[in-house]
Amino acid sequence: MNEETEPRPAHPSSGQTSLPRFVGYFLWLGTVGFGGPIALAGHMQQDLVEERHWISKQDYVEGLALAQLAPGPLAAQLAIYLGYVRNGILGATAVAVAFVLPSFLMVLALSAAYVRYGGLSWMQAIFYGIGASVIAIIARSAYKLTKLTLGKDKLLWGIFVVLAVATAWTSREIVWLFLAAGVVALVVKAMPTRAQVETIRPSVWLFGPAVAGGSGLFGIFLYFAKAGMFVFGSGLAVVPFLYGGVVQEHHWLTDRQFVDAVAVAMITPGPVVITVAFIGYLVAGISGASAAALGIFFPVYLIVVLLAPSYKRWAKNPQLNAFVRGVTAAATGAIAGAVIVLARRSIYDVATSVIALATLLILLRWKVPEPILIACAAVAGLLLHAA
């Protein structure tokens, strides 16, 4: 290997630890890490950089930037990149499995319980309350993402509005609008020269590959692999994309089941996109859950492993950065539109309206962990059912 493609070891100032211990940290984080991608990234920074000194600040910052630029769930990408820095492809692979496995197993257990007891009134009552609360949580996340990614940029706000309206109106996430948003931002903010087009084209391809259809487990894998390529800004960005395909196109789940799938992701630690395992389980049992989870995470893993060696060469490319900013604004708009789509299915009477409003007000006023809010909403659903 030449120097440019050689896996880069951790910065010399970072402390050394064994690979099993390093991977064990991500197994622990995947088991107890709540709060979404920003919170999980914060834990990694505090634990690995500041306290244990296992990762240098430089490597962490570069990994975070890569995770923000490339498609896929941010926290999982950052974890995989840090594993790559620590021990090349072996480290990236071990960390990917350790970080995702705990939440995957929890979702499997919840999926099995849902299939077995989902028809019972008490289970329906629990998700009656949880569904309304989840809508408020997604709305709060959309608000935070809007502040974080759009700022005062009028072009990005325009993209946001177009995607929010399109998603709310059609109940679908329109892929070509995502790509168009990236192209518009690229042309307006960093119009490339003819020479630069050739260097940008391979990178842009990574953000929008065509994935052919399929049937059976392979079809499930391909569908979720395609979905994973349009997760920008937050794992919640996959929600509107999945709704159009899972509910309206393939009819794998009903509206109610889809909202319950999002709820399951909210009450388990780790990446939010693990909701796909619940969907896969309802479609084809454990095999379907495994195919869906592999589909959503495998492309993310490949992107990190392929791009990490040449990260410095492309990360500061102004055209690529402009394209990604446009796509991220589109993803944020799609999440906002999805709030309206899902709210129509989950907030339909006085009780659900009160639960959703109370959740939103609490989130805006205090820093209450989301799993606690969801647990309270589940109790409220049971009490309302009993009454």
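Residues numbered from 1 in each chain as written. Predicted model: local features only at pLDDT ≥ 70, side-chain atom pairs only at ≥ 80, totals over all residues. Heavy atoms only, no water.

### Notes on the pattern of salt bridges
Now for step 1: All told, the structure shown has three salt bridges when counted by the stated rule.
Now for step 2: With a shortest N-O distance of 2.4 Å, Asp 153 and Lys 189 are connected by a salt bridge. Highlighted residues: Asp 153 in the loop between helix H5 (121-149) and helix H6 (154-170) and Lys 189 in helix H7 (residues 175-190), separated in sequence by 36 residues.
Now for step 3: Under the relative-accessibility criterion, Asp 153 is labelled buried at 17%.
Now for step 4: In this structure, the salt-bridge partner of Arg 256 is Asp 260, at a minimum N-O distance of 3.1 Å. Residue Arg 256 and its partner Asp 260 are located together in helix H11 (residues 255-266), separated by four residues, close to a single helical turn. (Salt bridge = Lys/Arg side-chain N within 4 Å of Asp/Glu carboxyl O. Helix = DSSP H or I, 4+ residues; strand = E, 2+ residues; numbered from the N terminus. Buried < 20%, exposed > 50% of the residue type's maximum accessible area, 1.4 Å probe, protein only.)

### What to know about the packing of aromatic side chains
Now for step 1: Taken as a whole and judged by the stated rule, the model has 16 aromatic pairs.
Now for step 2: Between Tyr 223 and Phe 224, the ring centres sit 5.1 Å apart and the planes meet at 80°, which makes this aromatic pair edge-to-face. Like Tyr 223, the residue Phe 224 is buried in the burial classification.
Now for step 3: Ring-pair connections join several aromatic residues into one group, and the members of that group are Phe 22, Tyr 25, Phe 26, Trp 28, Trp 54 and Phe 99.
Now for step 4: Between the NZ or CZ atom of Arg 52 and the centre of the ring of Trp 54, over which it lies, the distance is 5.1 Å. (Phe/Tyr/Trp six-rings, centres within 6.5 Å; stacked < 30°, edge-to-face > 60°. Lys NZ or Arg CZ within 6 Å of the ring centre and 35° of its normal.)

### Observations concerning the nonpolar core
Now for step 1: Ranked by internal contacts, the top residues of the largest apolar core, which has 124 residues, are Phe 26, Met 44, Leu 82, Leu 242 and Phe 258.
Now for step 2: With near-sequence residues (within four places) excluded, Met 44 lies in contact with Tyr 25, Phe 26, Leu 29, Val 49, Tyr 60, Ala 75, Leu 78, Ala 79, Leu 82 and Phe 99. (Core = buried A, V, L, I, M, F, W, Y, C linked by side-chain atoms within 4.5 Å. Contact = heavy atoms within 4.5 Å.)

### Thoughts on the packing of helix H2 (residues 36-51) against helix H4 (residues 74-117)
Now for step 1: Running from N to C, H2 and H4 point in directions that differ by 40°, and their axes come no closer than 7 Å. As far as their axial angle goes, H4 and H2 are oblique. Of the residues in H4, those in contact with Pro 37, Leu 40, Ala 41, Met 44 and Leu 48 of H2 are Leu 74, Ala 75, Leu 78, Ala 79, Leu 82 and Phe 99.
Now for step 2: For the contact of H2 with H4, the class distribution of residues is 11 nonpolar, no polar and no charged. (Axes fitted to C-alpha atoms, helices over the stretch in contact; angles between N-to-C directions. Parallel < 35°, antiparallel > 145°, perpendicular 65-115°, else oblique. Nonpolar A, V, L, I, M, F, W, Y, C, P; charged D, E, K, R; others polar.)

### Regarding the confidence of the model for the protein
Now for step 1: On average, residues of the protein carry a pLDDT of 83, and 87% of them reach 70 or more.
Now for step 2: The spread of mean pLDDT over the elements of the protein runs between helix H8 (residues 194-205), the lowest at 48, and helix H1 (residues 19-32), the highest at 94.
Now for step 3: With pLDDT under 50 throughout, residues 1-13 is counted as low confidence; its partners more than four residues away or in other chains account for 23 contacts.
Now for step 4: Low pLDDT, under 50, characterises residues 199-212; the stretch is placed with 25 contacts to residues that sit more than four places away or in other chains. (pLDDT = per-residue confidence, 0-100.)

### Description of the environment of Gly 333
Now for step 1: Within the secondary structure layout, Gly 333 lies in helix H14 (residues 318-346).
Now for step 2: Given a relative accessible area of 0%, Gly 333 falls into the buried group.
Now for step 3: C-alpha of Gly 333 to C-alpha of Thr 167: the two residues are 166 residues apart in sequence and 8.1 Å apart in space.
Now for step 4: If sequence neighbours within four positions are ignored, Gly 333 has contacts with Phe 160, Leu 163 and Ala 164.

### Some remarks on H5
Now for step 1: Relative to the 42 Å expected for 29 residues at 1.5 Å per residue, H5 spans 42 Å between its end C-alpha atoms, a close match to the ideal helical length.
Now for step 2: Trailing H5 by a residue or two, Gly 151 shows a phi angle of about 55°, which is positive. (Expected span 1.5 Å × (residues − 1).)

### Notes on the environment of Ala 386
Now for step 1: Here Ala 386 lies in helix H16 (residues 370-386).
Now for step 2: Judged by its relative accessible area of 66%, Ala 386 is exposed.
Now for step 3: Expressed as a C-alpha distance, the spacing of Ala 386 and Ala 125, which sit 261 residues apart in the sequence, is 8.9 Å.

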